[in-house]
Amino acid sequence: MNKCFFIIIFALLFLTGCGKTRELENRDYVMAIGIDDENGYSISASVSKPDKENSGAETMFTGNGESIEKAVENINGKTKGNIYMGLNRVMVVSEGFKGYGELINYFSNNVELSRDIVIVKAKDPYEILETKNDDDSASKYIYNYFQDKKKVDMDRLMDYYNKGEEIVIPYVKKENERIVITGGGNVY
């Protein structure tokens, strides 16, 4: 009886497979995104590709489209693998950003996306994401800055937006080649 059981278990091991898995080395991990909606949507993605030599190094990719989804697809076509936003820490929206409805819709419908992200405003999201503070990337610096402070995350933004209430989003700027976080601007 035991011998037959072990033969069946052993045979089942060979019947399992890795059909539609995504290999870790074929993924590009988005650590921060910048969004501007001045002329359609322009998205900047700060991507970390884990390897032994460049631990923590991030590369910028940009994509444009008539919607957030199309801009993300545009970025995906430029990367080596599939972008994965589940590790995203920071979102930088432009000063005059008006597409909060589409932004909330995109993030709430995509289960792969993290909702525990710090949302900030900047004049030029791309410039912010390219800036480093000492050896920290923009995503690491901004995320760590808000660890012990009140932050605007996706859930909070959705709550305020759905209620039609004002929310103040912290402002980020580049000053003397460093990121500076200040007060904020209202969003309706």
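Above this text you will find the structure in question.
What counts as what
- Residues numbered from 1 in each chain as written.
- Predicted model: local features only at pLDDT ≥ 70, side-chain atom pairs only at ≥ 80, totals over all residues.
- Heavy atoms only, no water.
- Helix = DSSP H or I, 4+ residues; strand = E, 2+ residues; numbered from the N terminus.
- Buried < 20%, exposed > 50% of the residue type's maximum accessible area, 1.4 Å probe, protein only.
- Contact = heavy atoms within 4.5 Å.
- Areas by Shrake-Rupley, 256 points an atom, 1.4 Å probe, with all protein chains shown as cover.
- Axes fitted to C-alpha atoms, helices over the stretch in contact; angles between N-to-C directions.
- Parallel < 35°, antiparallel > 145°, perpendicular 65-115°, else oblique.
- Left-handed = near helix turned anticlockwise from the far one by under 90°.
- Salt bridge = Lys/Arg side-chain N within 4 Å of Asp/Glu carboxyl O.
- Phe/Tyr/Trp six-rings, centres within 6.5 Å; stacked < 30°, edge-to-face > 60°.
- Pairing = 2+ DSSP bridges.
- Right-handed = clockwise from strand over helix to strand, strands pointing away.

**Student:** Explain the overall build of the chain to me, using residue names and the numbers behind them.
**Tutor:** Helix and strand counts for the chain stand at 6 helices and 8 strands. Listed N to C, the secondary structure of the chain is α-β-β-β-α-β-β-α-β-α-α-α-β-β in terms of helices and strands. Taking all 188 residues of the chain together, the buried fraction comes to 41%. Partitioning the intrachain contacts of the chain with sequence separation of at least 6 by distance along the chain shows that 61% fall at a separation of at least 24. In the structure as shown, the chain presents an accessible area of about 11300 Å², 48% of it carried by carbon and sulfur atoms.

**Student:** Go over the packing of helix H3 (residues 100-109) against helix H6 (residues 154-163), please, and point to the residues and values.
**Tutor:** Viewed as axis vectors pointing N to C, H3 and H6 meet at an angle of 130°, and their least axial separation amounts to 11 Å. Looking at the two axes, H3 sits oblique to H6. When the axes of H3 and H6 are compared, the crossing they make is left-handed. Two secondary-structure elements touch here, H3 through Tyr100, Gly101, Leu103, Ile104, Phe107 and Ser108 and H6 through Met154, Leu157, Met158 and Tyr161.

**Student:** Tell me what's going on with the side chain of Lys151, and back it up with residues and numbers.
**Tutor:** Structurally, Lys151 can be placed in the loop between helix H5 (138-145) and H6. Each residue touching Lys151, except ones within four places of it in the same chain, is listed here: Asp116, Val118, Phe146 and Arg156.

**Student:** With reference to specific residues and values, describe the pattern of salt bridges.
**Tutor:** Taken as a whole and assessed by the stated rule, the structure comprises 6 salt bridges. Residue Lys173 is joined to Glu175 by a salt bridge in which the shortest nitrogen-to-oxygen separation is 3.3 Å. Assessed through its relative accessible area of 32%, Lys173 is described here as partly exposed. The partner of Glu177 in a salt bridge is Lys174, with the nearest N and O atoms 3.3 Å apart.

**Student:** Let's hear about the packing of aromatic side chains: which residues, and what values?
**Tutor:** By the definition in use, this model includes 6 aromatic pairs. Each ring, one from Tyr29 and one from Tyr84, has its centre 5.9 Å from the other, and the planes form 85°; the classification is edge-to-face. With Tyr29 in strand S1 (residues 27-36) and Tyr84 in strand S4 (residues 82-84), this residue pair connects regions lying 55 residues apart in the sequence. Taking the relative accessible area as the measure of exposure, Tyr29 reaches 10% and is therefore buried. Ring centres 5.9 Å apart and planes at 80° place the aromatic pair Tyr106 and Phe107 in the edge-to-face group. As far as burial versus exposure is concerned, Tyr106 and Phe107 are alike and both buried.

**Student:** Any details on the pairing of strand S6 (residues 118-122)? Residues and values, ideally.
**Tutor:** The side chains of a regular strand alternate between both faces of the sheet. Extensive coverage of S6 is indicated by the burial of 5 of its 5 residues. As judged from the 5 bridges shared by strand S5 (residues 90-94) and S6, these two strands associate in the parallel manner. Bridging from a neighbouring strand, Val93 pairs with Lys121 of S6. As a crossover connection, the stretch from S5 through H3 into S6 is right-handed.

**Student:** Talk me through the environment of Val118; I want residue IDs and the actual numbers.
**Tutor:** Mapped onto the elements, Val118 comes out in strand S6. For Val118, a relative accessible area of 1% gives the class buried. Separated by 86 residues in the primary sequence, Val118 and Ala32 place their C-alpha atoms 9.3 Å from one another. Filtering out sequence-adjacent residues up to four positions away, Val118 remains in contact with Arg89, Val90, Met91, Ile142, Tyr143, Phe146, Lys151 and Val152.

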